[in-house]
Amino acid sequence: MSTSVTKDFTHIDYQIDLNEKRLDFYNTSYQKTQAKFTLIMVFYSVFAVYIAQLFFFIGDCINGKISEFVILFYVASLVVFLFFLSRSIYHTARFLIPIEIAYMELPEVFYKDCFADYKKNGVKKEDLNGKIKSSYLLQQEESLRHNRKAFENKSVLFYSALINAVFALIPFIISVSFYIGNEDDVQKIKIENVEQITQNYEQQKQK
C-alpha cells in the first residue's frame, strides 16, 4: 500500500503538484479576465449611440428657451455621466495594457542542464533528484507569485472600469430621458422661431 502525499504540505512532490494546479488556475483566470473586455464594450456602445446628440442638445435647449433650472439639471447629469465615463475609460486603458506573464522553463532545462550542473559541482547521485526538484519548485513559486499579482491587478482594473461604467449609466439614462422627452418641444420652438424670423424678413422686404 503506497503512502499518500496529497495532503502532506511538507512533501516536495505535493508542493510541486499544488503549485502546478495554482499556476494553471491563475493563467486560465487571467485569460478569462482579459476576455471580459467585451462586457465593458457593451456599455461604451450604448453610450456612443446618444453621446453626440446629448452634447448638441445643450445648445438646442438654450435656443429653445428651456428654463435655466432644467438646463442646469440636464448639464449636471451630463457632467456626472462624463465623470464616471472618464474614470471607466481610464481604468479600461490600464486594463488593456499587456502584462508579462511568467512561464516555466522547458522540463529539459531541469532534467538535463540542472542535472549536469549539480553533478559537475559534486552533488551526490542520491541527492541529485532532490536538488533538481528544489530548483523546479523555486521557479514554480516565483512564477506563481508573479502571475497571481498580474491576475489580481487586472481583476481590480476590470472591476473599477465596469463599476464606473455602471455608475455612468444612471446619469446617462436621465440625460437620454430628458433628451427624448423634450426633443419635440425644443424642435417645435425652433421651428416657430424660424417661421417668425421668415415672416419678419418678408415684412421688411415688402416695406
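Residues numbered from 1 in each chain as written. Predicted model: local features only at pLDDT ≥ 70, side-chain atom pairs only at ≥ 80, totals over all residues. Heavy atoms only, no water.

What follows concerns the overall build of the chain. Within the chain one finds 5 helices and 0 strands. Each helix (α) and strand (β) of the chain, taken in turn from the N terminus, gives the series α-α-α-α-α. At a minimum sequence separation of 6, the contacts of the chain that also span at least 24 residues come to 85%. Accessible area for the chain stands at about 14,200 Å²; split by element, carbon and sulfur atoms hold 61% of it. (Helix = DSSP H or I, 4+ residues; strand = E, 2+ residues; numbered from the N terminus. Contact = heavy atoms within 4.5 Å. Areas by Shrake-Rupley, 256 points an atom, 1.4 Å probe, with all protein chains shown as cover.)

Judged by nonpolar contacts, the single largest core of 21 residues is most densely connected at Phe47, Leu54, Tyr74, Phe81, Leu85 and Phe172. For this core, the elements supplying multiple residues, two or more each, are α2 (37–63), α3 (68–96) and α5 (125–206). Of the residues forming this core, the biggest block, 10 residues, is contributed by α5. Setting aside chain neighbours within four positions, we find Phe47 in contact with Phe81, Leu85, Ala165, Ala168, Leu169 and Phe172. (Core = buried A, V, L, I, M, F, W, Y, C linked by side-chain atoms within 4.5 Å. Buried < 20%, exposed > 50% of the residue type's maximum accessible area, 1.4 Å probe, protein only.)

Moving on: the side chain of Ser77. Counting through the fold element by element, Ser77 comes out in helix α3. With sequence-adjacent residues up to four places away left out, Ser77 is seen in contact with Pro171, Ile174 and Ser175.

Inspection of the entire model under this criterion finds 3 salt bridges. For Lys133, the salt bridge identified is with Asp13, shortest N-O distance 2.6 Å. With Lys133 in helix α5 and Asp13 in helix α1 (residues 12–35), the pair connects residues that are 120 residues apart, well separated along the chain. The class for Asp13 is partly exposed, based on a relative accessible area of 32%. (Salt bridge = Lys/Arg side-chain N within 4 Å of Asp/Glu carboxyl O.)

Here the structure, examined in full by the defined rule, presents 9 aromatic pairs. Taking 5.2 Å as the distance between ring centres and 40° as the angle between the ring planes, the aromatic pair formed by Phe81 and Phe172 counts as tilted. One end of the pair, Phe81, is in helix α3; the other, Phe172, is in helix α5, and 91 residues separate them in sequence. Across this residue pair, the class does not change: Phe81 and Phe172 are buried. Centroid distance Phe83 to Phe84: 5.2 Å. Interplanar angle 70°. Geometry classified as edge-to-face. Pairwise contacts between aromatic rings join Phe25, Tyr26 and Phe151 into one cluster. The ring of Phe95 is capped by Lys154, whose NZ or CZ atom sits 5.6 Å from the centre of that ring. (Phe/Tyr/Trp six-rings, centres within 6.5 Å; stacked < 30°, edge-to-face > 60°. Lys NZ or Arg CZ within 6 Å of the ring centre and 35° of its normal.)

Quick look at α1 now. Counted at 1.5 Å a residue, the expected span for α1 with its 24 residues is 34 Å, and the 35 Å between its end C-alpha atoms agrees. When we look at burial in α1, the residues that qualify are Tyr14, Ile16, Asn19, Leu23, Tyr26, Ser29, Tyr30 and Thr33. (Expected span 1.5 Å × (residues − 1).)

Another aspect to go through is the confidence of the model for the chain. The predicted coordinates should not be examined in detail at positions where pLDDT is low. Looking at the chain, pLDDT values average 80 and 80% of them are 70 or higher. For the chain, per-element mean pLDDT is lowest for α5, which scores 78, and highest for α3, which scores 90. When the criterion is pLDDT under 50, residues 1–5 qualifies, and its contacts beyond four places in sequence or with other chains add up to 2 contacts. Contacts of residues 186–197 to residues separated by more than four positions or lying in other chains number 10 contacts, the stretch itself having pLDDT below 50. (pLDDT = per-residue confidence, 0-100.)

The next subject is α3. Its 29 residues give α3 an end-to-end C-alpha distance of 41 Å, which sits within 8% of 42 Å, the value for a rise of 1.5 Å per residue. When α3 is considered as a whole, its buried residues turn out to be Ile71, Tyr74, Ser77, Leu78, Phe81, Leu85, Ser88, His91, Thr92 and Phe95.

On the surface, a cluster of negative charge is made up of Glu105, Glu108, Asp113 and Asp117. Here Asp113 lies in helix α4 (residues 107–120). (Patch = residues over 30% accessible without salt bridge, like charges linked within 9 Å, V, L, I, M, F, W, Y side chains within 5 Å. Lys, Arg positive; Asp, Glu negative; His and termini not counted. Charge placed at Lys NZ, Arg CZ, Asp CG, Glu CD.)

The topology assignment puts Thr33 in helix α1. Non-local contacts of Thr33, meaning those with residues more than four positions away in its chain, are made with Phe95, Phe151, Lys154, Ser155 and Phe158.

It is worth spelling out a nonpolar patch on the surface at this point. A cluster of nonpolar residues, Phe73, Val166, Phe167, Ile170 and Ile174, forms a patch on the protein surface that exposes about 440 Å² of accessible area. Per-element tally for the nonpolar patch: the top contributor is α5, with 4 residues. On the basis of relative accessibility, which here comes to 53%, the residue Ile170 falls in the exposed class.

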